[in-house]
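Chains, contacts and geometry: an overview
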Amino acid sequence: MDSKSHAASTVDRRLLFTEVRSVVVKLGTQVLSDAQSQLDPAFFTSIAKQVKELHDRGIRVTIVSSGAAAAGRAELGLKSRPSDLAQLQAVAAVGQRKLMDAWAIAFEPFGLKVAQILLTRDDIDHRTRFLNLRNTVHACHELGAIPIINENDTISTDELVRITFGDNDILAALVTQALRAEALVLLSVVNGVLDANKQRVPSFDSIEVATTHLMPGKSTLGKGGMNSKLEAARIVTGAGEILVVAHGREENVLTSICAGHDIGTIFVAKGSRRTGRSRWIGSARGKGRIIVDAGAAKAVAQNNKSLLPAGIVRVEGTFTRGEVIDIVGPDDALLARGLSNYASEQIEQIKGLKTGDVRSKIGPEAYDEVVHRDNLVVVGGD
């Protein structure tokens with residue numbers, strides 16, 4: 001079966017965007033830069049103008065902006081990316097100011113202020129911080145300020161050394177989760193997902209099929225690529241929202257997308273919208289891993305069942321009751337995340353046991369489920 005049979009070619013974009021009132025827009029380093037790899041003021045102004053138009057139409061726009069490291073390198077006159085971690089963080093620190101200056105200047109003619117919000121992955125993992133992010137962004141909008149979110153490279157060593165967020169694509173998807181925004185728009189220097197003939201694919205309702213369109217390589221300025229965009233699409237569509245990948249330099253790209261025009265590639269939502277609590281469970285990194293057998297994998301991922309002790313093969317990591325854990329299939333693929341009813345050492349005692357045997361091992365206070373389906377979110381697969 002070819003990919004076109006899976007592509008959602010009949011998507012009515014105008015209908016999809018009719019109810020959109022909150023949009024997260026991520027801009028990559030390369031699209032924000034000119035031919036000399038400097039931040040492009042004219043482009044910043046163009047985006048600000050479009051955000052103002054959407055603002056006046058009652059659509060709240062939250063920006064996730066790359067570009068800090070590139071701006072810092074330009075400001076310091078560095079020709080290449082430093083390999084020393086401390087220098088990398090210093091370059092990011094210098095660049096953060098330049099980046100925010102560029103956004104503030106761009107929005108000033110339109111009477112809008114900007115608010116800087118710096119995040120690390122830990123801010124998503126902790127439930128309270130996850131909620132605080134939503135509250136802060138909403139308050140910024142209420143005050144008439146446009147939130148500009150970026151990864152806090154100055155203190156987050158993991159994201160500088162290893163590509164944890166993926167050029168802010170994954171960060172943008174997680175911000176979309178936290179805000180319960182109806183749409184995420186990823187603007188870079190590609191027209192969307194391309195087919196084998198390098199023609200734009202208008203839409204997909206399958207991440208698996210979209211993955212077959214991955215092209216090798218990535219930009220020289222950014223950290224991510226199409227792979228991170230597809231992972232962002234998996235996160236967003238799995239929560240019941242839509243995602244668009246488009247070329248940021250197309251004229252009036254943002255307002256056109258939000259008007260439902262056929263620009264870039266759209267990934268349609270899967271199922272109904274998740275609750276805020278489920279979004280956090282699906283977004284947080286697991287404190288440990290539970291590997292399950294094929295039967296339990298099917299029950300959890302396909303049949304919406306709770307995870308029982310009998311299906312557990314192995315436990316990895318140390319965690320306490322109530323913490324988020326990853327549920328992994330026999331092929332080592334992530335299936336779901338959920339809140340554990342047991343600490344890791346207890347699961348070691350009861351793995352593979354039937355319910356009656358669990359009670360004799362733990363006592364009458366034992367739970368039938370290791371992870372109840374109400375506290376479980378399927379995140380793997382398509």
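So, here's what we can say about the structure. Please read all numbers here as calculations on a predicted model, not as lab measurements. Throughout, a residue's number is its position along its own chain's written sequence, starting from 1. With pLDDT at 70 or above as the cut-off, local features in this predicted model cover only qualifying residues; side-chain atom pairs require 80 or more to be listed or tallied, and sums for whole chains, interfaces and linings still use all residues. Heavy atoms throughout the structure, all of them, feed into the side-chain values; hydrogens and water do not.

The geometry of an aromatic ring pair is captured by the separation of the ring centres together with the interplanar angle, meaning the angle of the planes. Only Phe, Tyr and Trp rings are paired, with Trp represented by its six-membered ring, and only when their centres lie within 6.5 Å; those with planes under 30 degrees apart are stacked, over 60 edge-to-face, the remainder tilted. Throughout the structure, instances matching the rule amount to four aromatic pairs. On the numbers, 4.5 Å between centres and 55° between planes, the contact of F44 with W103 is tilted. Taken together, the positions of F44 in helix α3 (residues 41-56) and W103 in helix α5 (residues 85-107) put the pair 59 residues apart, joining distant regions of the chain. For F44, a relative accessible area of 1% puts it in the buried group. One aromatic cluster is present, formed by F44, W103 and F107 through successive ring pairs. Here a strand is any run of E in DSSP of at least two residues, a helix any run of H or I of at least four, and the numbering for each starts at the N terminus. Buried, partly exposed and exposed residues are distinguished by accessible area as a fraction of the type maximum, computed with a 1.4 Å probe on protein chains only: under 20%, between the cut-offs, and over 50%, respectively.

Turning our attention to the nonpolar core. Note on terminology: a nonpolar core comprises buried Ala, Val, Leu, Ile, Met, Phe, Trp, Tyr and Cys residues joined through side-chain atoms within 4.5 Å. Among the nonpolar cores identified, the biggest contains 42 residues, and V24, L133, I149, V175, L184, L243 and F267 are the most heavily contacted of them. Looking at this core, the elements with two or more residues in it are β3 (113-119), α7 (127-142), α9 (169-179), β5 (183-188), α10 (207-211), α11 (226-238), β7 (242-247) and α13 (276-283). Of all the elements, α9 adds the most residues to this core, at eight residues. Among all residues touching V175, those that are not within four sequence positions of it are V24, V64, L119, L133 and I149. Membership of the second largest hydrophobic core comes to 40 residues, among which are L32, F43, I148 and I257. Only heavy atoms enter the contact rule, under which two residues are in contact if any of them lie within 4.5 Å.

At least two DSSP bridges between two strands are needed for those strands to be called paired. Taken in spatial order, the eight strands line up as β3-β4-β2-β1-β5-β7-β8-β6 in an open sheet, and their pairing is mixed. The two strands at the open ends of the sheet, each matched to only one other strand, are β3 and β6 (203-204). Inspection of the sheet shows β7 paired to strand β8 (residues 265-267) by three bridges, in the antiparallel sense. When the bridges of β8 are listed, V244 appears paired with I266. Each axis is a line fitted through C-alpha atoms, taken for helices only over the stretch in contact, and angles between the N-to-C directions span 0 to 180 degrees. The strands that α11 touches are β1 (22-27), β5, β7 and β8; relative to β7, the one it contacts most, it runs at about 155°.

Glancing now at unusual backbone geometry. One non-glycine residue, K198, lies in positive phi territory at about 60°. Note that K198 resides in the loop between β5 and β6.

Now for the sheet that holds strand β13 (residues 376-378). Strand order across the open sheet formed by five strands is β10-β9-β11-β12-β13, with mixed pairing between neighbours. Two strands in the sheet have a free side with no partner beyond their single neighbour: β10 (312-316) and β13. Across the sheet, the axes of successive neighbouring strands diverge by a mean angle of 25°, strand direction being ignored. Relative to β13, strand β12 (residues 334-339) is paired through three bridges, and the arrangement is antiparallel. The partner of G338 across the bridge, within β13, is L376. On top of the sheet, α13 reaches β11 (324-328), β12 and β13; it is set at about 125° to β12, its chief contact.

Where α7 meets α9, the axes come as close as 9 Å, and the angle between the chain directions of the two elements is 80°. Considering the angle they form, α7 stands roughly perpendicular to α9. For the pair formed by α7 and α9, the contact residues are F130, L133, R134, V137 and H138 on the first element and L174, V175, Q177, A178 and L179 on the second. Among the residues making up the contact of α7 with α9, the classes are represented as seven nonpolar, two polar and one charged. Orientation categories follow fixed angle ranges, with anything under 35 degrees roughly parallel, anything over 145 roughly antiparallel, 65 to 115 roughly perpendicular, and all other angles oblique. For this classification, the nonpolar set comprises Ala, Val, Leu, Ile, Met, Phe, Trp, Tyr, Cys and Pro, the charged set comprises Asp, Glu, Lys and Arg, and every other residue, Gly included, is treated as polar.

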